[in-house]
Amino acid sequence: MVIDAQLTQIQIIRISLLRHFQRPAFYINAIAFTGFTAWAVLQGPLYLMLVGWLPLLMYTLVGVYSAFRAGGGNQPHLLPTRYRFSDRGVEISNTRGKQSQIGWENFVHWDKVLDCYVLSLSTGPVLAIPQDDVPNQQRNEFEAILRAGIDQRRG
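Since the structure is predicted, the reported quantities are computational estimates derived from the model, not experimental observations.

Participant: Can you help me understand empty space enclosed by the protein in this one?
Facilitator: The gaps of empty space that remain are located by a probe, the size of a water molecule, rolled over the atoms. For the structure on display, the rule yields 1 cavity of 30 Å³ or more. Taken together, Ala5, Gln6, Leu7, His77, Leu79, Thr81, Tyr83, Ala128 and Pro130 form the lining of the largest cavity. Secondary structure elements with two or more residues in the lining of the largest cavity: β2 (81–85) and β7 (126–130).

Participant: What is the right way to read the packing of aromatic side chains from this model?
Facilitator: We describe a pair of aromatic rings using the distance from one ring centre to the other and the angle between the two ring planes. Counted under the stated rule, the structure contains 11 aromatic pairs. For the pair tryptophan 104 and phenylalanine 107, a centre-to-centre distance of 5.6 Å together with 50° between the ring planes defines the contact as tilted. Residue phenylalanine 107 is classed as buried on the basis of its relative accessible area of 3%.

Participant: Explain a nonpolar patch on the surface to me, please; I cannot follow it from the model alone.
Facilitator: A cluster of nonpolar side chains, namely Leu50, Trp53, Leu54, Leu57, Met58, Leu61 and Val62, defines an oily patch on the protein surface of about 680 Å² accessible area. By the element assignment, tryptophan 53 lies in helix α3 (residues 50–71). Classification of tryptophan 53 by relative accessible area gives partly exposed; the value is 42%.

Participant: Explain helix α1 (residues 9–21) to me, please; I cannot follow it from the model alone.
Facilitator: Note: α-helices contain 3.6 residues per turn, so residues at a spacing of three or four share the same orientation. Under the 1.5 Å per step criterion, the end-to-end length of α1 is 18 Å for 13 residues, consistent within 8% with the ideal 18 Å. Looking only at α1, the buried set comprises Gln11, Ile12, Ile13, Ile15 and His20. Looking at the packing, one finds that the buried side of α1 touches α2 (24–42), α3, β6 (116–121) and β7.

Participant: Please clarify how unusual backbone geometry should be interpreted in this entry.
Facilitator: Apart from glycine, the bulk of residues carry a negative phi angle, and the bulk of peptide bonds sit in the trans form. For leucine 114, which is not glycine, the phi dihedral falls at a positive 50°. Residue placement: leucine 114 occurs in the loop between β5 (107–113) and β6. Although it is not a glycine, aspartate 115 adopts a positive phi angle of roughly 60°. By relative accessible area, aspartate 115 is classed as exposed at 53%.

Participant: I would appreciate a short explanation of the sheet that holds β7 in the present structure.
Facilitator: Hydrogen bonds along the backbone pair up the strands of a sheet, which may run parallel or antiparallel. Strands sit in the order β5-β6-β7 across an open sheet of 3 strands; the sheet is antiparallel. The outermost strands of the open sheet, each flanked by one partner alone, are β5 and β7. Neighbour-to-neighbour, the strand axes of the sheet open up by a mean angle of 15°, direction not taken into account. Bridge analysis of β5 against β6 gives 6 bridges, and the strand direction is antiparallel. Within β6, the residue paired with lysine 112 across the bridge is tyrosine 117.

Thresholds applied
- Residues numbered from 1 in each chain as written.
- Predicted model: local features only at pLDDT ≥ 70, side-chain atom pairs only at ≥ 80, totals over all residues.
- Heavy atoms only, no water.
- 1 Å grid on protein atoms, 1.4 Å probe; cavity = no way out; pocket = protein on both sides within 12 Å on 5 of 7 lines; lining within 4 Å.
- Points joined across faces, edges and corners; volume = space filled by probe spheres on them.
- Helix = DSSP H or I, 4+ residues; strand = E, 2+ residues; numbered from the N terminus.
- Phe/Tyr/Trp six-rings, centres within 6.5 Å; stacked < 30°, edge-to-face > 60°.
- Buried < 20%, exposed > 50% of the residue type's maximum accessible area, 1.4 Å probe, protein only.
- Patch = residues over 30% accessible without salt bridge, like charges linked within 9 Å, V, L, I, M, F, W, Y side chains within 5 Å.
- Areas by Shrake-Rupley, 256 points an atom, 1.4 Å probe, with all protein chains shown as cover.
- Salt bridge = Lys/Arg side-chain N within 4 Å of Asp/Glu carboxyl O.
- Expected span 1.5 Å × (residues − 1).
- Contact = heavy atoms within 4.5 Å.
- Pairing = 2+ DSSP bridges.
- Axes fitted to C-alpha atoms, helices over the stretch in contact; angles between N-to-C directions.

Structure follows, in structure tokens:
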């Protein structure tokens, strides 16, 4: 199956933000924030809440900055891209002539998130394909390919 797709800046920003706030580091910061806030309210002076607030604020600001940086400029993931799905994996080529092949064994998960099919690689990055770029009549077939390639190989 061949899919020609192009992500928009807003899709990249939204996916980047979602992934940033799903990382364990966010939850660690949020728990620390909650703990320091509760302790400061119950025991200590309120200015000690900053001990919890500052790391959470910094984590949030870095995530927002990174998301907007990923969605802006002349990034390769903003180019029209062709995905060829086969039994071996996914062949990716963009309009700059860059090509790569990713075997199914390198994927750990796929999901439909924020109007995109998001395929997670074991090394951390993701491939995102807008749902609108997959023709309606081919969506069931495409999802079957993803299930066979990723879900069944994972066990």
